[in-house]
Amino acid sequence: MKTKELKILLSSPRGFCAGVERAIEIVEKSIEKYGSPVYVRHEIVHNKYVVDNLRKKGAIFVEELEEIKDKSRPVIFSAHGVPKKIPEDAKNFNMTYVDATCPLVSKVHREAENLNKAGYHLILIGHKNHPEVVGTMGQLPLGSIDLVQNEDDAKKYQNKSKRQIAFVTQTTLSVDDTKDIIEILKKRFPNIKEPMKEDICYATTNRQLAVKNIAKSCDMFFIIGSRNSSNSVRLVEVAKKSGCPKAFLIHSQSEIPFDEIEKSNTIGVSSGASAPEILVENFINDLKNRFTISIDEVEIIKEDVVFKIPKKLN
């Protein structure tokens, strides 16, 4: 007997961004064009459901090109971007490759290259070992770009080069945290050059604003997404900082905390930019089996961004 009434505030926009949709389409179209298997270097996007689905269709995921036994098969580079060396290696192996790097990540790559050519020493604000960070740092010669991960790093940073400095950022960071790091750098290095246009992507910004907008009205907040998805993990942090301390990531191995939800009246739900909507629907259906639910979708902005896929796949 469902007695407990539960209100769900469904955050919008949520889920897939244009870069993720494009990357998934690139894998599907590559399988159509070249047959299977096609190889994908690194998870195309950080979501187990998406990766498993593409695996069923004929994609094989590897971490390095060396793992690919049959070099006559095409390889796709993930949406996070790759160091410059990787396409060069693919050419040396005579491999066909398709680059699914998100255009907004490519924009940061070009920006970093241009600043380097103009004589700047670069700082990248981002998270160590994240594939996007590895890719961006790998655009430039060794030693010409330094990673700053947090406010502490920014306070301690020493410009060892004699060049003027500029900064770029990972596209999936917390807007607020990044703002604080940038403020410290600007205070310490008043002449630091900043990007012409913000590097944090529109989808990251919109999803964080949408969560922020409803967090204080929620007793609990659930973000659907993977543990290695930077933008999903940031959404959990944003919910906590914006007035809902009980915020959780729901990933493929998660147990839904029904007992805790039982004590709540209103819960917030959103999803990271690499999480498909079906996972949000599944989560809500699990709640519907236990509670009487009302859903209020709270949309702060309509997204209409679309990125074209490479011509060779059309």
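Every value quoted in this text rests on a predicted model; they were computed, and no experiment measured them.

Caption draft 1: Fine view of the sheet that holds strand E4 (residues 75-77). Ordered in space as E3-E2-E4-E5, the four strands form an open sheet in which the pairing is parallel. Strand pairing shows two members of the sheet lacking a second neighbour, strand E3 (59-62) and strand E5 (97-99), which therefore form its edges. Across this sheet, the average inter-strand angle for adjacent strands is 25°, counted without regard to direction. As judged from the three bridges shared by strand E2 (residues 38-41) and E4, these two strands associate in the parallel manner. Residue pairing for E4: Val40 is matched across the bridge by Ile76.

Caption draft 2: The packing of aromatic side chains, seen in detail. The tally for this structure, following the rule as stated, stands at five aromatic pairs. A ring pair is formed by Tyr157 and Phe189, whose centres lie 6.0 Å apart and whose planes are at 75°; its orientation type is edge-to-face. In this pair, Tyr157 sits in the loop between helix H6 (151-156) and strand E8 (165-169) while Phe189 sits in the loop between helix H7 (175-188) and helix H8 (202-215), placing the two residues 32 residues apart along the sequence. Comparing Tyr157 with Phe189, the two get one shared label, buried. Aromatic side chains Phe222 and Phe248 sit 5.9 Å apart centroid to centroid with 25° between the ring planes, which places their arrangement in the stacked category.

Caption draft 3: Region of interest: helix H2 (residues 48-57). Along H2, the positions that sit buried rather than exposed are Val50, Val51 and Leu54. Projected down its long axis, H2 carries its buried residues within an arc of 95°, all on one side. Looking at the packing, one finds that the buried side of H2 touches helix H1 (18-34) and E3. With a side-chain oxygen positioned 3.0 Å from the backbone nitrogen of Tyr49, the residue opening H2 is Asn47. Backbone geometry just downstream of H2 places Gly58 in the positive-phi region, at approximately 125°.

Caption draft 4: Local environment of the nonpolar core. Formed by 25 residues in total, the largest nonpolar core has its most connected members in Val27, Ile44, Leu54, Ala59 and Ile76. At the level of secondary structure, the elements contributing two or more residues to this core comprise H1, E2, H2 and E3. Here this core takes six residues from H1, the largest share from any one element. Discounting residues that sit within four places of it in the chain, Val27 has contacts with Val40, Ile44, Leu54, Ala59 and Ile76. With 17 residues, the next largest nonpolar core counts Ile8, Leu10, Leu287 and Phe291 among its residues.

Caption draft 5: Up close: the packing of H1 against H2. As a packed pair, H1 and H2 sit with axes 10 Å apart at the nearest point and diverge in direction by 10°. The angle between the axes of H1 and H2 places the two elements in the roughly parallel class. Between H1 and H2, the residues in contact are Ile24, Val27, Glu28 and Ile31 and Val50, Leu54 and Lys57, respectively.

Caption draft 6: Local environment of a nonpolar patch on the surface. A cluster of nonpolar residues, Leu209, Ile300 and Ile301, forms a patch on the protein surface that exposes about 220 Å² of accessible area. Tracing the backbone through its elements, the reader meets Ile301 in the segment after strand E12 (292-299).

Caption draft 7: Broad picture of the environment of Ser270. Here Ser270 lies in strand E11 (residues 266-271). Separated by 108 residues in sequence, Ser270 and Lys162 have C-alpha atoms that sit 45 Å apart. Not counting residues within four places of it along the chain, the set of residues in contact with Ser270 comprises Ser11, Arg14, Val211, Phe221, Phe222, Ile223, Ile224 and Leu235.

Caption draft 8: Structural detail: helix H3 (residues 85-92). Those residues of H3 not exposed but buried are Ile86, Pro87, Asp89 and Ala90. Projected down its long axis, H3 carries its buried residues within an arc of 155°, all on one side. Exposed residues lying more than 90 degrees from the buried face of H3 are Lys85, Lys91 and Asn92. Close packing links the buried residues of H3 with E2, E4 and E5. Looking one or two residues past H3, Asn94 carries a phi angle of roughly 60°, positive in sign.

The rules behind the values
Residues numbered from 1 in each chain as written. Predicted model: local features only at pLDDT ≥ 70, side-chain atom pairs only at ≥ 80, totals over all residues. Heavy atoms only, no water. Pairing = 2+ DSSP bridges. Helix = DSSP H or I, 4+ residues; strand = E, 2+ residues; numbered from the N terminus. Axes fitted to C-alpha atoms, helices over the stretch in contact; angles between N-to-C directions. Phe/Tyr/Trp six-rings, centres within 6.5 Å; stacked < 30°, edge-to-face > 60°. Buried < 20%, exposed > 50% of the residue type's maximum accessible area, 1.4 Å probe, protein only. Arc of directions from axis to C-beta. Contact = heavy atoms within 4.5 Å. Polar contact = N/O pair within 3.5 Å; in protein donor to acceptor, adjacent residues only side chain to side chain. Core = buried A, V, L, I, M, F, W, Y, C linked by side-chain atoms within 4.5 Å. Parallel < 35°, antiparallel > 145°, perpendicular 65-115°, else oblique. Patch = residues over 30% accessible without salt bridge, like charges linked within 9 Å, V, L, I, M, F, W, Y side chains within 5 Å. Areas by Shrake-Rupley, 256 points an atom, 1.4 Å probe, with all protein chains shown as cover. Salt bridge = Lys/Arg side-chain N within 4 Å of Asp/Glu carboxyl O.

Nothing here speaks to function; it is all geometry.
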